[in-house]
Amino acid sequence: MGFYDLLKSYDDLNYDDIFNSMTDEDILRIIRKRKLSDVDFLKLLSPQAGKHLEAMAQEGYKKTLQHFGKAILLYTPMYLANYCVNKCAYCSYNLENDITRKKLTEAEIEAEAKAIADTGLRHILILTGESRKHSPISYVVKAVNILKKYFDSITIEIYPLSEEEYGELIEAGVDGLTVYQEVYNPEIYDRVHIAGPKKNYRFRLEAPERACLQKIRSVNIGALLGLDDWRKEAFKTGIHARYLQDTYNDVDISVSLPRIRPHVGVFEEVHDVTDKDIVQIMLAIRLFLPNAGITISTRENQAFRDNIIQLGVTKMSAGVSTEVGGHTSKEDDTSQFEISDKRTVEEVREAILSKGYHPIYKDWMKI
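Residues numbered from 1 in each chain as written. Predicted model: local features only at pLDDT ≥ 70, side-chain atom pairs only at ≥ 80, totals over all residues. Heavy atoms only, no water.

Moving on: helix H12 (residues 230-247). Since one α-helical turn is 3.6 residues long, residues separated by three or four positions face the same way. Between the first and last C-alpha of H12 there are 26 Å, a value that for 18 residues agrees with the 26 Å anticipated at 1.5 Å per step. Extensive coverage of H12 is indicated by the burial of 15 of its 18 residues. Its side-chain oxygen 2.8 Å from the backbone nitrogen of arginine 231, aspartate 229 forms the N-cap of H12. (Helix = DSSP H or I, 4+ residues; strand = E, 2+ residues; numbered from the N terminus. Expected span 1.5 Å × (residues − 1). Buried < 20%, exposed > 50% of the residue type's maximum accessible area, 1.4 Å probe, protein only. Polar contact = N/O pair within 3.5 Å; in protein donor to acceptor, adjacent residues only side chain to side chain.)

Our next topic: the layout of surface pockets. Looking at the largest pocket, its volume works out to about 870 Å³. Considering the residues around the largest pocket, the lining is formed by 44 residues, among which Phe68, Asp252, Ile253, Asn291 and Gly293 are closest to the centre. Tallied by class, the residues present in the lining of the largest pocket amount to 20 nonpolar, 14 polar and 10 charged. In this structure, the second largest pocket occupies an estimated 310 Å³ of space. Along its surface, the second largest pocket is lined by 15 residues, and Asp11, Tyr184, Asn185, Pro186 and Lys236 are the ones closest to its centre. Where the lining of the second largest pocket is concerned, the elements lending two or more residues are helix H1 (3-8), helix H9 (186-192) and H12. A per-element tally of the lining of the second largest pocket places H1 first, with three residues. Its residues placed into classes, the lining of the second largest pocket shows eight nonpolar, one polar and six charged. (1 Å grid on protein atoms, 1.4 Å probe; cavity = no way out; pocket = protein on both sides within 12 Å on 5 of 7 lines; lining within 4 Å. Points joined across faces, edges and corners; volume = space filled by probe spheres on them. Nonpolar A, V, L, I, M, F, W, Y, C, P; charged D, E, K, R; others polar.)

A word on the pattern of salt bridges. Think of it this way: side chains of opposite charge can pair up when their charged atoms draw near. Evaluated as defined, the whole model comprises 22 salt bridges. Lysine 63 is paired through a salt bridge with glutamate 59; the nearest N and O atoms lie 2.9 Å apart. Residue lysine 63 and its partner glutamate 59 are located together in helix H5 (residues 53-68), separated by four residues, close to a single helical turn. We classify lysine 63 as buried; its relative accessible area is 10%. We note a salt bridge from aspartate 190 to lysine 199, for which the minimum N-O separation is 3.1 Å. Judged by its relative accessible area of 30%, lysine 199 falls in the partly exposed class. (Salt bridge = Lys/Arg side-chain N within 4 Å of Asp/Glu carboxyl O.)

So, about the environment of isoleucine 216. Assignment of secondary structure puts isoleucine 216 in the loop between helix H11 (207-213) and strand E7 (218-223). Separated by 50 residues in the primary sequence, isoleucine 216 and tyrosine 166 have C-alpha atoms spaced 8.3 Å apart.

Those residues of helix H8 (residues 163-172) that sit buried are Glu165, Tyr166, Gly167, Leu169, Ile170 and Ala172. A positive phi of about 140° marks glycine 173, the residue just after H8.

The following block contains the structure:
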């Protein structure tokens, strides 16, 4: 059974019944278990479990040390283009938004690569808007051929591809994929993706698996928290990650916890997600998936990011710009969303060290 069918098997799940039946003893028993079931994981996302974050944190800390030590991998994104054919209600790149559209030339990609590499980082995430016309596979391949001279790991966050296309990019030098389902609730997904190829829910949902079939090294998934009830979205993200781990045990699976941020345009149907909610999600995922990476981006503010380092984080972005060519351009272009933590790579490094953790600039390379 593929993940689409697994996810549908939970369509009739009554979250309220499960949450209302929970006791303190139930939560503490789950925290002590060596391996959690899907329902155990859901119970750790319950309001009742929110009263036991300290106990969850203590156990999560042990599991993180066991699998990852005190290492925090640093990376930064590079935006290659912002042309997009989709109309997504929550994104600045929405086709209908009046923004400056831009695409980097090969010379500009090289300049960005040099600027980022000069900070010491050796892991890069490249992004484009979802336009095959402006950012075809051939363009991404050319970018990868430039970037692999500077970076040991190249992750893509672009439009979903066919299995064969993922194979082509992996052959070129891509070793990681980040793809967010955005929202797992199909009704909300259909509503916020007004038009464009991104409206195809299942094609996006199955993109990570197509990359896994082509033997990609790492896959990072997540939901854009705020588009639906965070408990339900976190649960579906977690079981998606568990499915990928169980099915493709040679692929490193990680989870991101992005919260919706201010952007060009107006989107008012936002579900509140507090700092405490993010902490509960992170701890529940760590107990459910002890050996999965957890990524926290600069969508979160400096103080919050520093304070949660010890709660299970394994990967952080630093020195971030969400503008096309933002690492070298002097122009004030449109960003995909507003970042909150604007520190340099060195400043993030110092913050990690101050917590007794080790910032890692490079943890893998092809032989």
